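# Structural characterization, general
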Amino acid sequence: MTMREKMTEPNKPIGKMIRIDDFLPPPEELVIPQETVKVTIALSKLSIGFFKHQAKQHRTR
């Protein structure tokens, strides 16, 4: 490539940009509500430690 050739960045837009209205519905309208059921389970300390470790690795609570 010579100095006179223009380099184009593939991740940048080409041409004039215009703002468009948000046409997507809100998230609560996208998800189909489902009935939930509460359960109680007994887990070993080893299992709890595993899930806590996974949550920490993936930065979740």
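Counting from 1, residues in each chain are numbered in the order their sequence is written. Local features in this predicted model are restricted to residues whose pLDDT is 70 or higher, and side-chain atom pairs enter the listing and the counts only when it is 80 or higher, whereas totals over whole chains, interfaces and linings include all residues. Calculation of side-chain values draws on the structure's entire complement of heavy atoms; hydrogens and water are dropped beforehand.

### Focus: a nonpolar patch on the surface
Like charges are joined within 9 Å and nonpolar side chains (Val, Leu, Ile, Met, Phe, Trp, Tyr) within 5 Å, but only among residues with over 30% relative accessible area and no salt bridge; these make up the patches. In these tables, accessible area is a Shrake-Rupley quantity obtained with a 1.4 Å probe, and a residue counts as shielded only by the protein chains included in the view. The term salt bridge refers to a side-chain nitrogen of Lys or Arg lying within 4 Å of a carboxyl oxygen of Asp or Glu. Side chains of V37, V39, I41, L43, I48, F50 and F51 sit close together on the surface and give an oily, nonpolar patch of about 740 Å² of accessible area. The classification of residues rests on relative accessible area computed with a 1.4 Å probe and restricted to protein chains. Under 20% of the type maximum is buried, over 50% is exposed, and intermediate values are partly exposed. A residue is classified by how much of its surface remains accessible, and V39, at 67% relative accessible area, is exposed.

### Overview of the packing of aromatic side chains
To pair, rings of Phe, Tyr and Trp, with the six-membered ring standing in for Trp, must have centres within 6.5 Å; the planes then decide the type, stacked if under 30 degrees apart, edge-to-face if over 60, and tilted in the middle. Inspection of the entire model under this criterion finds one aromatic pair. Each ring, one from F50 and one from F51, has its centre 5.2 Å from the other, and the planes form 75 degrees; the classification is edge-to-face. Judged by relative accessible area, which is 46%, F50 ranks as partly exposed.

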